[in-house]
Amino acid sequence: MSHDIDALTQAWRSHRNSHLFLANARAHLDIALQPFVDSHTGEIQGLGAHLCGPEKLGFDAPHLIHDFAAETGCLPEFVTLLRARAIAQFARLSEARPLLLLLPVSKHILDLDGALLKETQNLTAKHKLAPEAICLEPPTASGLIPQDSIDRFVMTARGFGFSHAHDGLESIGTPLQTLYEQGPRLLKLGRSFFAGLHGDARRMRFAASLVDLAHALGGRVLAQNVETEADLRACREMGCDLVQGALIAEPTLDLQSLRRCYDTIGAAALRHGEALGADPGFLMREMEVLPSIHTGASISRALEIFRANARQTVLPVLDALDHPTGLILEPDLKSLLYTSYGRDLLLNPTIDNHLRRFIRHCAVADIHTPLETLVEISSSDPSEGIVITQNGRYAGYLPTNALLKLSNETRLRIAQDQNPLTKLPGNAAIFDHVGKAALQSDVDRAFCYVDFDNFKPFNDTYGFRLGDRALMLFAEIARRKLQNLAAFIGHVGGDDFFLGIKGQELAPLEEVMRELRRDFRHEVESLHEANHRRQGFILASDRKGQPQRYPLLSCSIAVLFLPRRVRVNDPDTLSTHIAALKNRAKAMEDGVAACRLGPDSDVSSRGRGQ
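A. Layout of the overall build of the protein. Counting its secondary structure elements, the protein contains 23 helices and 22 strands. Across the 610 residues in the protein, those meeting the buried criterion constitute 51%. Across the protein, contacts joining residues at least 24 apart in sequence account for 67% of those joining residues at least 6 apart. As displayed, the protein has an accessible area near 28700 Å², and 51% of this comes from carbon and sulfur atoms.

Right, dumping it as structure tokens:
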């Protein structure tokens, strides 16, 4: 039987029989759907369409079957067949709540006229779907695919009410001005961009900046091929809005297996000690749940809302999926009413007076966005507030006065905990870091405790002013030395510092600590008098008042290492090990002592003894 099918396949392929090809495509091809979800809550936001079965027709990859359809002149019929199947399945799932369907677009479709888009619009109308529910994903520009073709396709698709996705945000192959003008709904990141991101602070900063750029363009960032919990946490830290991949669910033909919410996301956050939001309570208290309006409404409807809510001066505008698309300001509408031309427009029923011409771009942020990021967003555009979303849908509006309050509270909170001398985070931030990192069992972590050696005699000899300079010098060296690591640097108080580092193996980390100690020991020598540097010690009184020789100022570093799969719930366990390590470090020739917590809380010590 298989041999007969292969022979039949070869027959229509060799003769380029489009009718037989379409009949076989109808019989053997199908569309699998893969969910993408909110990166914080796991609630499903949409579905990506994947072609299944091209190998049954003798094609090794989906793009090859599209090439064949184009060569035989039946591409429009073939694409309509696939889209009809995808939209029909999607419509069955989106009845319960608004979802987004992500449809890939092959390179051949770009040069077709709007007939195919019109047919897609008819399919959405047939299943009672809004055009905004369809997000088309054109290919990335390349030598074979000119940017002009993509631009024309995007503009034509927008005319039919469809949104689009931009693939390969990390490649920056599309001019930023073009991305700004196109306003993609989704901007996609490949796994190569975020895999193994922990432990590389420079890459993380760049990745977060790229995601911020995407948000400034008005889109949401979808991370593809998320396979591990480490991938998920990296995506969260970058600020990605949506995630898709094997960790959540594979593409499936079984629609019954698709869930409204994927507990994998929330469970991973709890397992690794991540909070689902920086301070959602503050946002819930301060944001205003203003009446909103949809993009297809009339100007008269907007005026009715403003009249019914006398204190409301801004009107959030939403698309059919309740995602914010912008704001309408009351003064803009009033300026229209004050002119005879504007009043005539409103009174003339034959003129399309929809709201699109009055919609202004606005900042949009998820309710789980860290407060510090909200402050940055507000400082970049202080004239208007921020529209807050939850699970991709409008949740409320954070006005300018609330943003000012947020900014002041954030600065006050940082200042209260910050060490006034070194400007490093204090004990509250250190305890918070340790508590969360101890639970993040998908990555290597290290807690490094730094204690100055012979700091009291140094202070007694040179005074507190030079003592303060030594503290500031260490803080500066630590920042410089650890700038390319995912390091948290804190000042416990006095001559005690804390370094929290993730994603580094123990052996190279020990060497980094030795280099840090050597750099500090070398540079702090300049604070000693010349004769003390020559003799290698200072004379000072001990606690009993007796003269004593003390080596020049240095430091000892205790390194408590938690490998992957080790999770510590009890902070006292960490404190006990660190206290023992501090004493051991001072006895080491190189001033560094390390301790590894094993899977069964076994402790193995490392260090170079005298």
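B. Fine view of the sheet that holds strand β12 (residues 363-366). As summarised here, the arrangement of the 3 strands in space is β12-β13-β14, forming an open sheet in which the pairing is mixed. Every interior strand has two partners, whereas the edge strands, β12 and β14 (393-398), have only one. Ignoring strand direction, the axes of neighbouring strands in this sheet form an average angle of 35°. Here strand β13 (residues 386-390) pairs with β14 via 5 bridges, running antiparallel. What sits directly across from V387, in β14, is Y397.

C. Quick peek at the pattern of salt bridges. On inspection of all chains with the given rule, the structure shows 20 salt bridges. R301 is the partner of E304 in a salt bridge, and the nearest nitrogen-oxygen pair spans 3.3 Å. Remark: R301 and E304 occur in helix α13 (residues 299-308); sequence separation between them is 3 residues, near one turn of the helix. Residue class for E304 comes out partly exposed when judged on its relative accessible area of 41%. Salt-bridge contacts for E510 lead to R514; the nearest nitrogen and oxygen are separated by 3.6 Å. You can see E510 and its partner R514 sitting in helix α21 (residues 506-524), 4 residues apart, about one turn around the helix.

D. Expanded view of the sheet that holds strand β5 (residues 163-166). Here 8 strands make up a closed barrel; going around it, the order is β1-β2-β3-β4-β5-β6-β7-β8 and the pairing mixed. Here strand β1 (residues 30-38) runs beside strand β2 (residues 44-52); their pairing, made up of 8 bridges, is antiparallel. Counterpart to I31 in the pairing with β2 is L51.

Each value, and the rule that gives it
Residues numbered from 1 in each chain as written. Predicted model: local features only at pLDDT ≥ 70, side-chain atom pairs only at ≥ 80, totals over all residues. Heavy atoms only, no water. Helix = DSSP H or I, 4+ residues; strand = E, 2+ residues; numbered from the N terminus. Buried < 20%, exposed > 50% of the residue type's maximum accessible area, 1.4 Å probe, protein only. Contact = heavy atoms within 4.5 Å. Areas by Shrake-Rupley, 256 points an atom, 1.4 Å probe, with all protein chains shown as cover. Pairing = 2+ DSSP bridges. Axes fitted to C-alpha atoms, helices over the stretch in contact; angles between N-to-C directions. Salt bridge = Lys/Arg side-chain N within 4 Å of Asp/Glu carboxyl O.

Purely geometric stuff here, so don't read any function into it on its own.
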